[in-house]
Amino acid sequence: MTDVDDDHILDYVTGVGTPIPEDAIDRAAFFEEQRRHTIHVHVWDEGSFREFIDQGNEQVPLGVELVGWSGPREGEGNLIAVLRKR
């Protein structure tokens, strides 16, 4: 198992709107509690995400196709993929 660092936890909890304690001790305990949860951290660019979908279709099969894509905008690291079930 790979440990998830604080930056990834911060990105996740901020994205889902979870309040983060201000107090340093409470904040450290909060991060440790989050680390015990099962969250998945993935980093893709367009090419590696397409490869992930293609391999998933070959190995599982997922039965999905990538029909739309929006890459990251200036200052953002998010991207949106629209998948269609075949």
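Residues numbered from 1 in each chain as written. Predicted model: local features only at pLDDT ≥ 70, side-chain atom pairs only at ≥ 80, totals over all residues. Heavy atoms only, no water.

Student: Please clarify how the nonpolar core should be interpreted in this entry.
Tutor: Generally speaking, a soluble globular protein has its nonpolar side chains buried in company with each other. Residues Val-4, Ile-9, Val-13, Phe-30 and Phe-31 constitute the largest nonpolar core, which totals 5 residues. Broken down by secondary-structure element, the contributors of at least two residues to this core are helix H1 (6-16) and helix H2 (24-36). (Core = buried A, V, L, I, M, F, W, Y, C linked by side-chain atoms within 4.5 Å. Buried < 20%, exposed > 50% of the residue type's maximum accessible area, 1.4 Å probe, protein only. Helix = DSSP H or I, 4+ residues; strand = E, 2+ residues; numbered from the N terminus.)

Student: I'm lost on the side chain of Asn-57 in this one. Help?
Tutor: Secondary-structure assignment places Asn-57 in helix H3 (residues 46-59). Relative accessible area serves as the criterion here: at 15%, Asn-57 is assigned to the buried category. Polar contacts involving the side chain of Asn-57 include one to the main-chain amide nitrogen of Gly-63, which spans 2.8 Å. Within the structure, the side chain of Asn-57 is placed 2.6 Å from the backbone oxygen of Val-64, a separation counted as a polar contact. Those residues in contact with Asn-57, other than ones at most four positions away along the chain, are Leu-62, Gly-63, Val-64 and Arg-86. (Polar contact = N/O pair within 3.5 Å; in protein donor to acceptor, adjacent residues only side chain to side chain. Contact = heavy atoms within 4.5 Å.)

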